[in-house]
Amino acid sequence: MNSYKQWQEQAQSITLITDAFINGEFVGSETGETLTSINPATGEILAEVASCSDIDADIAVAGARAAFQSGVWSRIPNAERKKILLKLADLIEENRDKFALIDTLDMGKPISDCVYFDVPTTVDTFRWSAEAIDKIYGEISPTTDSSLALITREPVGVVAAIVPWNYPLMMASWKIAPALAAGNCVILKPSEKSPLSALYLAELAKTAGIPDGVLNVLPGSGHTVGKALALHPDVDVIAFTGSTKVAGQLMEYAGQSNLKRTWLEAGGKSPCIIFADCEDLEAAASAVALGIFSNQGEVCIATSRLIIEDSIKDEFIPLLIEEAKKYTPGDPLNPDTMMGALVDQQHLDQVLACIGKGKTEGANLLFGGESVQVNDKGCYIQPTIFTGAQQDMEIVQHEIFGPVLAISTFSGWEEAIQLANDSKYGLGAGIWTSNLKKAHKTARELQAGMVWINNWAGSDTTTPFGGVKQSGNARDKSLHSLEKYTEIKTTWIDLS
Ligand code: NAD
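Residues numbered from 1 in each chain as written. Predicted model: local features only at pLDDT ≥ 70, side-chain atom pairs only at ≥ 80, totals over all residues. Heavy atoms only, no water.

Engineer: What is the right way to read the nonpolar core from this model?
Structural biologist: A general trend in soluble globular proteins is that nonpolar side chains are found buried together. By size, the foremost hydrophobic cluster in this structure holds 125 residues, and its most contacted members are Ile-210, Ile-274 and Phe-316. Per element, the largest residue contribution to this core is 10 residues, and it comes from helix H6 (residues 168–181). Two domains each donate at least three residues to this core, and these are domain 1 (4–266 + 472–490) and domain 2 (271–461). Each residue touching Ile-274, except ones within four places of it in the same chain, is listed here: Leu-281, Ala-284, Val-288, Leu-306, Ile-307, Ile-308, Glu-309, Ile-312, Phe-316, Phe-410 and Trp-432. Counting residues in hydrophobic clusters, the runner-up holds 16 residues, among them Leu-342, Cys-379, Ile-381 and Met-393. (Core = buried A, V, L, I, M, F, W, Y, C linked by side-chain atoms within 4.5 Å. Buried < 20%, exposed > 50% of the residue type's maximum accessible area, 1.4 Å probe, protein only. Helix = DSSP H or I, 4+ residues; strand = E, 2+ residues; numbered from the N terminus. Domains from an automatic or database assignment. Contact = heavy atoms within 4.5 Å.)

Here is the structure:
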């Protein structure tokens with residue numbers, strides 16, 4: 001791992017790709033418009049990036065459709081597709097530091113997180129998806145003696161992957177690796193707040209041998225190029241990660257256009273219940289802090305609601321505060337930094353407004369709550385803890401997407417379940433208890449796509465990631481992710 005000084009030096013000399021990637025070529029947007037990418041840790045301009053519109057979307061969709069129809073990717077032997085995706089995984093791994101630096105500069109996250117989590121997870125996702133290609137079999141249906149009914153899976157066609165800024169490279173990989181593995185052509189629309197690693201990924205995809213038109217990257221804003229893709233009559237699938245609000249709009253666009261499959265991974269307000277019989281409160285405090293303060297709280301599964309049994313709160317809260325102090329904001333390029341900068345000034349203002357609302361609604365601001373600067377600049381905020389949170393408060397119901405924890409208390413099992421499920425979201429949920437029966441019973445009751453018992457965010461490539469209720473309708477990772485990118489076909493053969 002590089003030193004702080006080495007990262008700072010590399011940041012000065014990094015070369016960034018700023019053009020869109022369409023049909024195998026890097027090109028400016030047809031309108032010539034650009035979006036300014038700003039490093040939120042310093043306020044400095046990083047790059048002027050092509051800002052695509054519906055015109056670029058049309059060109060990319062036509063190219064992706066032509067590539068799909070030609071069979072240059074969808075019909076080549078599975079082993080060949082697998083080899084190319086494995087090569088891409090190797091290239092990402094070889095260029096780990098460059099990817100880490102790009103995402104750190106583009107959205108403010110700590111470099112250590114990128115080096116040890118975002119990039120390795122991306123590499124795993126490509127390898128695992130590639131390896132899955134030739135291990136999935138069709139089925140034969142148990143019909144009658146006089147027939148043979150085959151159930152096979154086919155790629156859907158053109159997939160538009162629309163992703164957020166909080167894990168720019170990793171979120172993109174969760175969509176495009178399984179979509180490409182299944183034989184589709186993909187148009188990736190990175191967030192306007194963090195487009196740079198997706199463009200570098202495109203360059204490596206070309207080097208790895210992914211044919212022209214099979215992977216395209218269209219940077220630009222959501223309401224222009226994102227909307228154009230979602231409304232496009234020749235896009236077959238929208239694979240989306242982002243806010244619940246935009247997820248709803250995408251469903252409308254699908255309805256208005258061609259009923260494209262619309263897979264949504266949306267927002268969260270994940271509860272963590274700590275029962276009085278939790279045998280390791282220190283471990284729980286460390287996990288809660290990690291859950292809400294890592295990645296500046298800009299995490300869909302952030303532990304933003306702590307629901308703790310009343311009898312242990314006085315013992316637990318000092319432990320939590322000690323953990324919170326470890327997340328003092330610092331320069332994201334310093335490998336020791338555990339909390340970097342928020343993605344931009346607009347987001348910082350929104351998080352501060354939510355903290356203000358928490359105070360006026362009567363919650364008790366126990367820790368943090370202020371914006372700060374590092375080296376006299378940047379969009380930083382202190383890790384923030386509220387106690388006395390009530391269910392009708394905005395800090396309990398609204399996804400703040402920043403390092404803000406709302407703590408409420410309960411005094412019986414039913415109350416804990418009721419508080420945890422009182423949310424429009426259902427992404428993750430945590431349980432801390434030493435009672436096995438209680439752990440299972442609680443897990444069964446919680447309305448969430450993922451439940452963690454005595455840990456937070458346990459996950460790997462083999463386990464599905466996604467939520468219920470307004471947290472979405474889809475799963476990334478695991479073999480289940482391939483279901484989004486394949487259609488089932490029944491072929492009935494008469495043997496009579
Ligand atoms: P966002 O919804 O604002 O944007 C996500 C993407 O959608 C961006 O690329 C954006 O440009 C695009 N977009 C915006 N409006 C659009 C429109 N009208 N049509 C088409 N595309 C449009 O979300 P964000 O601020 O980038 O990310 C934060 C959100 O992402 C949070 O709610 C977080 O919980 C969620 N998230 C969810 C998961 C998950 O797995 N469930 C993971 C990470 C982030």
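Engineer: Explain the site of the ligand here, please?
Structural biologist: Of all residues adjacent to the ligand, which total 30 residues, the nearest are Val-163, Lys-189, Glu-192, Ser-243 and Glu-399. The side chain of Glu-192 places a nitrogen or oxygen atom 2.5 Å from an oxygen atom of the ligand. Relative to its unbound accessible surface of 840 Å², the ligand loses 90% to contact with the protein. Secondary structure elements with two or more residues in the shell around the ligand: helix H8 (222–231), strand S10 (237–241) and helix H9 (244–256). Element by element, the count of residues in the shell around the ligand is highest for H9, at 4 residues. (Near = heavy atom within 4 Å. Polar contact = N/O pair within 3.5 Å; in protein donor to acceptor, adjacent residues only side chain to side chain. Areas by Shrake-Rupley, 256 points an atom, 1.4 Å probe, with all protein chains shown as cover.)

Engineer: How should the UniProt feature "domain: Aldehyde dehydrogenase" (unreviewed entry) in the protein be read in this particular structure?
Structural biologist: Those residues carrying the UniProt feature "domain: Aldehyde dehydrogenase" (unreviewed entry) are residues 27–490 in this numbering. Taken end to end, residues 27–490 has its terminal C-alpha atoms 41 Å apart, with 39% of it in helix and 21% in strand. (UniProt positions renumbered as here; feature names shortened; annotations may be inferred.)

Engineer: Please explain the UniProt feature "active site" (unreviewed entry) in the protein as it appears in this structure.
Structural biologist: Here the UniProt feature "active site" (unreviewed entry) sits at Glu-265. Structurally, the position occupied by Glu-265 is in strand S11 (residues 261–265). The exposure class of Glu-265 is buried, given its relative accessible area of 4%. Ignoring sequence-local partners within four residues, the contact set of Glu-265 consists of Lys-175, Phe-240, Thr-241, Gly-242, Phe-465, Gly-466, Ser-471, Ala-474, Arg-475, Asp-476 and Lys-484.

Engineer: Looking at this structure, how should I read the packing of helix H4 (residues 96–107) against helix H7 (residues 196–208)?
Structural biologist: If you want to describe how two helices pack, look at the angle between their axes and the distance between the axes. Look at H4 against H7: their axes get within 8 Å of each other, and the N-to-C directions meet at 155°. Put simply, H4 runs roughly antiparallel to H7. The residues of H7 that touch H4, namely those facing Lys-98, Phe-99, Ile-102, Asp-103 and Asp-106, are Leu-196, Ser-197, Tyr-200, Leu-201 and Leu-204. Taken together, the residues of the contact of H4 with H7 sort by class into 6 nonpolar, 1 polar and 3 charged. (Axes fitted to C-alpha atoms, helices over the stretch in contact; angles between N-to-C directions. Parallel < 35°, antiparallel > 145°, perpendicular 65-115°, else oblique. Nonpolar A, V, L, I, M, F, W, Y, C, P; charged D, E, K, R; others polar.)

Engineer: Would you mind showing me how to read the domain arrangement of the protein here?
Structural biologist: Frequently, the measure chosen for interface size is the accessible area removed from exposure when the parts meet. Segmenting the protein into domains produces domain 1 (4–266 + 472–490) and domain 2 (271–461). Computed from C-alpha atoms alone, the centre-to-centre distance between domain 1 and domain 2 is 30 Å. Domain 1 puts 30 residues into the contact, and the matching count from domain 2 is 32 residues. Counting each side, the surface lost to burial between domain 1 and domain 2 is near 2,500 Å², with a carbon and sulfur contribution of 56%. (Buried area = accessible area lost by both parts, 1.4 Å probe.)

Engineer: Whenever I open this one, the sheet that holds strand S21 (residues 450–453) confuses me. Can you help?
Structural biologist: Paired through their backbone hydrogen bonds, the strands of a sheet run either parallel or antiparallel. Read across the sheet, 7 strands follow the order S14-S17-S18-S13-S12-S20-S21 without closing on themselves; strand pairing throughout is mixed. Each edge of the open sheet is held by one strand with a lone partner, namely strand S14 (364–367) and S21. Each strand of the sheet is rotated relative to its neighbour by a mean of 25°, with strand direction disregarded. (Pairing = 2+ DSSP bridges.)

Engineer: Sorry, what's going on with the sheet that holds strand S23 (residues 486–494) here?
Structural biologist: In spatial order, the strands read S5-S6-S23; together these 3 strands make up an open sheet with antiparallel pairing. If you trace the sheet from one side to the other, it starts and ends with strand S5 (139–141) and S23, each paired once. Neighbour-to-neighbour, the strand axes of this sheet turn through a mean angle of 30°, independent of strand direction. Alignment of strand S6 (residues 147–155) against S23, held across 9 bridges, turns out to be antiparallel. For Pro-155, the partnering residue across the bridge sits in S23 and is Thr-486.

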